[in-house]
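Coordinate inspection notes
Listed below are the residues making up each chain.
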Amino acid sequence: MTLLEWHETADLLIDKADAPYFNSTEKDRFFNLSQVEFVETRYGQFEFNERRRKELIPLVRVSTAFLGNIINLDAITDFLFILNLRGVFSDSCGGDKSRRISPIKLDTEGEDDSDPFNRHDNSNPGYTEYNNNTNNIVDIQSETDPISVSMKYLKLPINVFLDEAVPANTVQSEMPDGTHEEIINIAVRKMLFTVQDQLGYQLQSNEIKQQE
């Protein structure tokens, strides 16, 4: 579906609910919020559900522009979730090997160092995520810094934008066609909820004025 069709479908659903009119800018804002909600709610099923992978595969990206053991996630402007982290590390035989870098549970961080079977070294690297008071970062823990790092991640969907004056400037959704109807429905639910809140706010304001 084109973004214009998104708007037309949303108008039909809003009219059916006998709700007030939303202009194009407002609808675009709700569509963008709904795209992110759609992705976030399906991320947890990405590895276990083929349908979810197909829905989210256009948002999977690879980044390799890293040096040392620290990754500044805020430097990746479209970053949303880590899917896979791998690094090339020196091994004890003098060669280099690619290793999966596994997430470390924060409540067990530090304890693993005393466990020879779970120690995070070049053959079993791990990572934690935290904020260093400036940026959200990934901290890779191993004996030596990785020679190189490759991160597959789920990106934020691009914001859609309907330009009615110059249609060529319209930004279409990059989400697969099969997801469009559900994203529109999420957006319409958000719009209707907002309208309900506004009506409730108005009723409450009128009641307060009467009490005064």
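Look a little higher up for the structure.
What counts, and at which threshold
- Residues numbered from 1 in each chain as written.
- Predicted model: local features only at pLDDT ≥ 70, side-chain atom pairs only at ≥ 80, totals over all residues.
- Heavy atoms only, no water.
- Helix = DSSP H or I, 4+ residues; strand = E, 2+ residues; numbered from the N terminus.
- Buried < 20%, exposed > 50% of the residue type's maximum accessible area, 1.4 Å probe, protein only.
- Contact = heavy atoms within 4.5 Å.
- Pairing = 2+ DSSP bridges.
- Axes fitted to C-alpha atoms, helices over the stretch in contact; angles between N-to-C directions.
- Parallel < 35°, antiparallel > 145°, perpendicular 65-115°, else oblique.

1. Considering the environment of M191
- Residue position: M191 is located in helix α4 (residues 177-211).
- Judged by its relative accessible area of 0%, M191 is buried.
- In sequence terms M191 and F31 are 160 residues apart; their C-alpha atoms lie 9.8 Å from each other.
- Setting aside anything within four residues of it in sequence, one finds M191 in contact with A10, I14, F22, K27 and F30.

2. Here we look at the pairing of strand β8 (residues 148-155)
- Across four bridges, the pairing between strand β1 (residues 60-63) and β8 is antiparallel. Directly across from V60, in β8, lies its bridge partner L154.
- Pairing analysis gives eight bridges linking strand β3 (residues 79-90) to β8, with the strands arranged antiparallel. Across the sheet, the residue bridging to R86 is S150, located in β8.

3. Points about the packing of helix α1 (residues 3-16) against helix α2 (residues 24-43)
- Relative to each other, α1 and α2 sit at 100 degrees, their axes nearing to 11 Å. The angle between α1 and α2 places the two elements in the roughly perpendicular class. Contacts between α1 and α2 involve L3, W6, H7, A10 and D11 on the former and, on the latter, S24, K27, D28, F31 and Q35.

4. Quick notes on the sheet that holds strand β7 (residues 136-141)
- Ordered in space as β2-β7-β6-β5, the four strands form an open sheet in which the pairing is mixed. The sheet terminates laterally at β2 (70-72) and β5 (102-103), the two strands that pair on one side only.

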